[in-house]
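Chain by chain, the residues:
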Amino acid sequence: MISLVVVGASGRMGRAVLEAALEDGSIEVAAAVSRSDPGLGVKWESSLEAAIRPGRVVIEFSTPEVAGEVARRCGAQAVPLVSGTTALTSEYEALISATARSSAVLRSANFSLGLLALRRALETALRALPEWDVEIVERHHRGKADSPSGTALRLAADVAALRGWDERAFRHGREGRVGTRHDAEIGLHAVRGGSWVGDHSVLIAGAGEALELRHTVQDRSAFAHGALRAAKFVAHAPAGLYTLEAIPVAAGGA
Ligand code: NAD
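How each quantity is defined
- Every chain begins its residue count from 1, and numbering advances along the sequence as written.
- Under the rules for a predicted model, residues below a pLDDT of 70 receive no local features and side-chain atom pairs below 80 are neither given nor counted, while totals for whole chains, interfaces and linings still include all residues.
- To get the side-chain values, take all heavy atoms of the structure and skip hydrogens and water.
- The helix count covers DSSP runs of H or I at least four residues long, the strand count covers runs of E at least two residues long, and both are numbered beginning at the N terminus.
- All radius of gyration figures rest on C-alpha atoms, and the globule criterion is 2.2 Å times the number of residues raised to 0.38.
- In this scheme, a residue with accessible area under 20% of its type's maximum is buried, one over 50% is exposed, and one in between is partly exposed, where area comes from a 1.4 Å probe on protein chains only.
- By definition, residues are in contact when any of their heavy atoms lie within 4.5 Å.
- Residue-level accessible areas treat just the shown protein chains as cover; the underlying method is Shrake-Rupley with a 1.4 Å probe.
- All tallies of charge rest on Lys and Arg as positive and Asp and Glu as negative; His and the ends of each chain are not included.
- A single reference atom marks each charge: NZ on Lys, CZ on Arg, CG on Asp, CD on Glu.
- Lining residues are defined by having an atom within 4 Å of a point belonging to a cavity or pocket. Those points lie on a 1 Å grid over the protein atoms alone, cavities being sets where a 1.4 Å probe fits but cannot get out and pockets being open sets with protein on both sides within 12 Å along at least five of seven lines.
- Grid points are joined across faces, edges and corners, and a volume is the space filled by probe spheres set on the points.
- What marks off one domain from the next here is an automatic or database domain assignment.
- Under the grouping applied here, Gly and all other residues not named as nonpolar or charged are polar, the nonpolar ones being Ala, Val, Leu, Ile, Met, Phe, Trp, Tyr, Cys and Pro and the charged ones Asp, Glu, Lys and Arg.
- UniProt positions are given in the numbering used here, feature names are shortened, and annotations may be inferred rather than shown by experiment.
- Here the expected span of a helix is defined as 1.5 Å times the quantity of residues minus one.
- Any residue with a heavy atom lying within 4 Å of a molecule or strand is counted as near it.
- Any N or O atom pair separated by 3.5 Å or less is treated as a polar contact, with the protein-specific requirement of one donor-capable and one acceptor-capable atom, and with residues adjacent in sequence counted only for side-chain atom pairs.
- In this description, a molecule resides in a pocket or cavity if more than half of its atoms sit within 2 Å of the grid points defining it.
- Two strands pair if DSSP finds at least two bridges between them.
- Where helices are involved, their axes are fitted lines through C-alpha atoms of the stretch in contact, as for all axes, and angles between N-to-C directions lie from 0 to 180°.
- Working definition: rings of Phe, Tyr and Trp (its six-membered ring) pair if their centres are within 6.5 Å, and the pair is stacked with planes under 30 degrees apart, edge-to-face with planes over 60 apart, and tilted otherwise.
- We call a charge positioned above a ring when the Lys NZ or Arg CZ atom is no farther than 6 Å from the ring centre and deviates by at most 35 degrees from the ring normal.

> Give me the overall build of the protein chain: which residues, what numbers.
When you go through the protein chain residue by residue, the secondary structure sums to 7 helices and 12 strands. Taking 2.2 N^0.38 as the reference for a compact globule, 254 residues should give roughly 18 Å; the C-alpha atoms of the protein chain span a radius of gyration of 19 Å, in line with that estimate. Out of the 254 residues in the protein chain, the part that is buried amounts to 50%. Nonlocal contacts in the protein chain, meaning residues at least 24 apart in sequence, comprise 65% of its contacts between residues at least 6 apart. About 12,400 Å² of surface is accessible on the protein chain, with carbon and sulfur atoms providing 50% of the total. If you average the places of the 28 positive and of the 29 negative side-chain charges in the protein chain, the two averages end up 2 Å apart.

In structure tokens form, the structure reads like this:
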């Protein structure tokens, strides 16, 4: 039985994780940490100190500031951590690496399995179409604070790595007379509005034809189930930094 702590519990993602965890017979929700009581009959804590203890596993979807504090506390007590907050600073990335020296840490900007499949399909497509232009269009709800999404940046990094480029190839939107497109360019476009949960399209455009790979999340349970799979994985993994790809399919169960 996994003793789970959900940080950011009253938020959109935190509630989805709680709902999925409450339906999972192999997980006990030990504490839900957030500014306000998330309800759902779980034990609410307003402080990380009381909630993060040895023997527990933490899933965190909150803010960059809270994410840093959670990582520090998990590292100090060798508590396994699943971290999903996006738009983290490089200081946080360094902190996560330090945490991973004593704890099993799994970080992902997108916990959906469909997105993982899109990334694999993208690699195949780009190998077949080495000259074609790539643009990424993402759509998210009006409440999303960071743009472009962490997933769009992940996809752009995948494209850059496959093409032998780096972040200098990223082109965030276009306005005015910006000149013609460069070959070594990856356009990123963020659409905000309504209640889109997470929608990413990779457009691969050649002369006279184009291909579009698109992944749509209809509700947050897609991320929540991926995060629970990750929690089950880190609960028994040695200290280290992992990504979603590290989880063997048979080890999921969620
Ligand atoms: P949200 O605004 O709905 O929720 C944020 C949560 O953080 C709330 O529960 C709030 O109480 C808590 N919080 C804020 N400040 C706090 C503090 N000082 N102490 C304790 N708790 C505090 O946001 P959301 O839509 O749930 O998204 C949260 C994060 O997860 C964002 O960074 C988002 O981009 C990311 N996200 C990641 C994935 C993924 O698959 N990795 C999927 C969806 C969202």
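> Which residues make up the layout of surface pockets, and what values do they have?
Its volume calculated, the largest pocket comes out at about 1,000 Å³. If you trace the largest pocket, you find 43 residues lining it, with Met13, Phe61, Ser62, Thr63 and Thr85 closest to the centre. No fewer than three residues from each of domain 1 (2-111 + 220-246) and domain 2 (113-217) sit in the lining of the largest pocket. One number sums up the size of the second largest pocket: a volume of about 730 Å³. Put simply, the parts of the chain that give the lining of the second largest pocket at least two residues each are helix H4 (90-99), helix H5 (113-128) and helix H6 (150-163). Split into classes, the residues belonging to the lining of the second largest pocket amount to 12 nonpolar, 10 polar and 7 charged.

> I'd like a rundown of the UniProt feature "binding site: NADP(+)" (unreviewed entry) in the protein chain, residues and numbers included.
Under the present numbering, the feature "binding site: NADP(+)" (unreviewed entry) in UniProt falls on Arg35. In this fold, Arg35 is placed in the loop between strand S2 (27-33) and strand S3 (44-45).

> An account of H5 is requested, with residue identities and associated values reported.
Between the first and last C-alpha of H5 there are 23 Å, a value that for 16 residues agrees with the 22 Å anticipated at 1.5 Å per step. For H5, every residue scored as buried is listed here: Leu115, Leu116, Leu118, Arg119, Leu122, Ala125 and Leu126. In this structure, the buried residues of H5 make contact with strand S7 (133-140), H6, strand S10 (198-206) and strand S11 (209-217).

> Tell me what's going on with the site of the ligand, and back it up with residues and numbers.
In the region of the ligand, 21 residues are neighbours, and Gly11, Arg12, Met13, Thr86 and Phe111 sit closest. Residue Phe111 places a main-chain N or O atom 2.9 Å away from an oxygen atom belonging to the ligand. Burial of the ligand by the protein chains amounts to 79% of its free accessible area of 870 Å². Cavity membership is defined here by more than half of the atoms lying within 2 Å of grid points; on that basis the ligand lies in the largest pocket. Of the residues in the shell around the ligand, the class split is 7 nonpolar, 11 polar and 3 charged.

> An account of the sheet that holds strand S9 (residues 186-192) is needed here, citing residue identities and associated values.
Ordered by their spatial adjacency, 5 strands build an open sheet running S8-S9-S7-S10-S11, and the pairing between neighbours is mixed. For this open sheet the edge positions go to strand S8 (170-172) and S11, each flanked by a neighbour on one side alone. For this sheet, the mean angle separating the axes of adjacent strands, direction not counted, is 20°. Packed onto the sheet, H5 meets S7, S10 and S11 and runs at close to 165° relative to S11.

> Describe the packing of aromatic side chains, listing the residues and the values that go with them.
For the structure shown, the criterion picks out 2 aromatic pairs. Between Phe61 and Phe111 the ring centres are 5.7 Å apart and the planes differ by 70°, which places this aromatic pair in the edge-to-face class. Remark: Phe111 occurs in the loop between strand S6 (104-107) and H5 and Phe61 occurs in the loop between strand S4 (57-60) and helix H3 (64-77); sequence separation between them is 50 residues. Note on Phe61: relative accessible area 13%, which makes it buried. Cation over ring: Arg139 sits above Trp196, and NZ or CZ is 5.9 Å from the ring centre.

> Any details on the pairing of S11? Residues and values, ideally.
Note: S10 against S11, 9 bridges, orientation antiparallel. Looking across to S11, one finds that Asp199 is bridged to Thr216. Here S10 folds back onto S11, and the loop between the two strands holds 2 residues, one of which, Gly208, carries a positive phi near 80°.

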